[in-house]
Amino acid sequence: VGHCHPDVIKAAHEQNQSLNTNSRYLHDNLVDYAERLSKTLPEKLCIFYFLNSGSEANDLALRLARQYTKHEDVIVLDHAYHGHLTSLIDISPYKFRNLEGQKEWVHVAPVPDIYRGLYREDHEDSVTAYANEVKNIIEQAHKRGRKIAAFFAESLPSVGGQIIPPAGYFQKVAEHVHKAGGVFIADEIQVGFGRVGKHFWAFQLQGEDFIPDIVTMGKPIGNGHPLACVATTKEIAEAFAATGVEYFNTFGGNPVSCAIGLAVLDVIEKEHLQAHATEVGNFLMKLLREQKIKHPIIGDVR
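Residues numbered from 1 in each chain as written. Predicted model: local features only at pLDDT ≥ 70, side-chain atom pairs only at ≥ 80, totals over all residues. Heavy atoms only, no water.

- The name given to the chain in an unreviewed UniProt entry is AT2L2 lyase, with Cepphus grylle as the source organism.
- You can read under Cofactor (unreviewed entry) in the UniProt record for the chain the words "pyridoxal 5'-phosphate".
- Taken directly from UniProt, the Sequence similarities (unreviewed entry) text for the chain runs: "Belongs to the class-III pyridoxal-phosphate-dependent aminotransferase family." (UniProt positions renumbered as here; feature names shortened; annotations may be inferred.)

Printed below as a string of structure tokens:
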């Protein structure tokens, strides 16, 4: 919402002056913020965990998926990056290829890139072809006695080249993953909060009939303040709570962070930033496409 936005600064300052405490002490800001966030998401995603960073959020998503499914393996997209924790380096081909390599429980699917990927615009059904790659991975894993806990993907792969998956791809992948007893995790850390303009969440570009099982948020959520969130379903949260090992994060969801989160949502709404993203995005795309016609060196604009 812009560097040092006055509304965000004011919310932080005011809350800092009255109370900032760890999350063992209950505070209305936490509930108010969860309620506000829930209005932006499909009804099914109604349980919220608050954390300090996108990496923390993705690590928790992994734990939730494994606890709920009782499986271990994860399918990720090639070139993906999901965070700097050990667990996330393991599911980030962008990183692990330069480090210790691919773990046995990690499976890498091709990026659904219809410009430069395996199946391109001229393919008769690139959506099904890319989803079938995931299906094949699942079948191969099952043959080796492995079980899939989650398909973990950014709603728009960013490090992989700002790829926009063809509509319907996530639905087909989710079908294969659910059939295998796994869950679908949408990483919205870079692309959420109205940044895609047309929708509040990038996964919504896939169509109204697609709802992930877990959504992770970071970066824009606190406008530079360390704040992150995991949203999931009641069933997944209950399976996680059933262990008796309660989830606790000392400063995740503290009153100041939640006040900032609320202010960010206010600014997005008040200043019509989603519409602004659409307008400026379309304007830029139009001019860049004109350049593409003029210069053969420009291959794709996205």
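Text resumes after the structure shown.
## Topic: the sheet that holds strand S6 (residues 214-217)
Inference 1: The seven strands lie next to each other as S1-S7-S6-S5-S4-S2-S3, forming an open sheet whose pairing is mixed. Pairing within the sheet leaves two strands with one partner each, and these edge strands are strand S1 (47-51) and strand S3 (106-109). Averaged over all neighbouring strand pairs, the angle between strand axes comes to 20°, with direction disregarded.
Inference 2: Relative to strand S7 (residues 228-232), S1 runs antiparallel, the two being bridged by five bridges. Among the inter-strand pairings, Phe48 is bridged to a residue of S7, identified as Ala231.
Inference 3: Contacting S1, strand S2 (73-77), strand S4 (148-154), strand S5 (183-187), S6 and S7, helix H3 (residues 54-69) runs over the sheet at an angle of about 165° to S6.
Inference 4: Each of S2, S4 and S5 touches helix H7 (residues 169-179); the most contacted strand, S5, lies at about 140° to it. (Pairing = 2+ DSSP bridges. Helix = DSSP H or I, 4+ residues; strand = E, 2+ residues; numbered from the N terminus. Axes fitted to C-alpha atoms, helices over the stretch in contact; angles between N-to-C directions. Contact = heavy atoms within 4.5 Å.)

## As for the nonpolar core
Inference 1: Counting 53 residues, the largest nonpolar core has Tyr33, Leu37, Val134, Phe151, Tyr169, Phe193 and Met217 as the members making the most contacts within it.
Inference 2: Looking at which element gives the most residues to this core, the answer is helix H9 (residues 255-270), with nine residues.
Inference 3: Not counting chain neighbours up to four residues away, the residues in contact with Val134 comprise Ile75, Ala109, Phe151, Tyr169, Val173 and Val177.
Inference 4: Counting 26 residues, the second largest nonpolar core, distinct from the first, contains Tyr49, Leu51, Val106 and Phe240. (Core = buried A, V, L, I, M, F, W, Y, C linked by side-chain atoms within 4.5 Å. Buried < 20%, exposed > 50% of the residue type's maximum accessible area, 1.4 Å probe, protein only.)

## Focus on the pairing of S5
Inference 1: For S5, a buried count of five out of five residues is recorded, marking the element as mostly surrounded by other parts of the structure.
Inference 2: Taking every second residue as pointing to the same face, both faces of S5 are buried, with Val183, Ile185 and Asp187 on one and Phe184 and Ala186 on the other.
Inference 3: Across five bridges, the pairing between S4 and S5 is parallel. By the bridge assignment, Glu154 is partnered in S5 with Asp187.
Inference 4: Handedness of the S4-H7-S5 crossover: right-handed.
Inference 5: Taken together, the three bridges between S5 and S6 define a ladder with parallel strand orientation. (Right-handed = clockwise from strand over helix to strand, strands pointing away.)

## Regarding helix H6 (residues 126-143)
Inference 1: For H6, with 18 residues, the first-to-last C-alpha span of 26 Å sits near the 26 Å given by 1.5 Å per residue.
Inference 2: Considered for burial, the residues of H6 that qualify are Ser126, Val127, Ala129, Tyr130, Ala131, Glu133, Val134, Ile137, Ile138 and Ala141.
Inference 3: Contacts from the buried residues of H6 go to S2, S3, S4 and H7.
Inference 4: Phi turns positive one or two residues past the end of H6, at Gly145, with a value near 75°. (Expected span 1.5 Å × (residues − 1).)

## A few points about a nonpolar patch on the surface
Inference 1: A surface patch of nonpolar side chains, about 430 Å² in accessible area, is lined by Val280, Phe283, Leu284, Leu287 and Leu288.
Inference 2: Inspection of the secondary structure puts Val280 in helix H10 (residues 273-294). (Patch = residues over 30% accessible without salt bridge, like charges linked within 9 Å, V, L, I, M, F, W, Y side chains within 5 Å. Areas by Shrake-Rupley, 256 points an atom, 1.4 Å probe, with all protein chains shown as cover. Salt bridge = Lys/Arg side-chain N within 4 Å of Asp/Glu carboxyl O.)

## A short note on the side chain of Asp73
Inference 1: Looking at the element boundaries, Asp73 is found in strand S2.
Inference 2: The contact partners of Asp73, leaving out residues within four places of it in the chain, are Glu104, Trp105, His107, Arg146, Lys147, Ile148, Ala149 and Ala150.

## Examining the pairing of S4
On a regular strand, each side chain points to the face opposite its neighbour's, so the side chains alternate between the two faces of the sheet.
Inference 1: In terms of residue burial, S4 counts as a mostly covered element, since seven of its seven residues are buried.
Inference 2: Bridging between S2 and S4 involves four bridges; their strand directions are parallel. Bridge pairing links Ile75 to Phe151 in S4.

## Details of the environment of Asn132
Inference 1: Of note, Asn132 is situated in helix H6.
Inference 2: Taking relative accessible area as the criterion, Asn132 reaches 29% and is therefore assigned partly exposed.
Inference 3: The spatial distance from the C-alpha of Asn132 to the C-alpha of Asn223 is 38 Å, given a sequence separation of 91 residues.

## Some details on the packing of aromatic side chains
Inference 1: For the structure on display, the rule yields 14 aromatic pairs.
Inference 2: With a centroid separation of 5.3 Å and 85° between ring planes, the pair formed by Tyr49 and Tyr247 is classed as edge-to-face. Highlighted residues: Tyr49 in strand S1 and Tyr247 in the loop between helix H8 (234-241) and H9, separated in sequence by 198 residues.
Inference 3: Residue class for Tyr49 comes out buried when judged on its relative accessible area of 10%.
Inference 4: When the centroid spacing of 5.4 Å and the interplanar angle of 45° are considered together, the rings of Phe170 and Phe210 count as tilted. (Phe/Tyr/Trp six-rings, centres within 6.5 Å; stacked < 30°, edge-to-face > 60°.)

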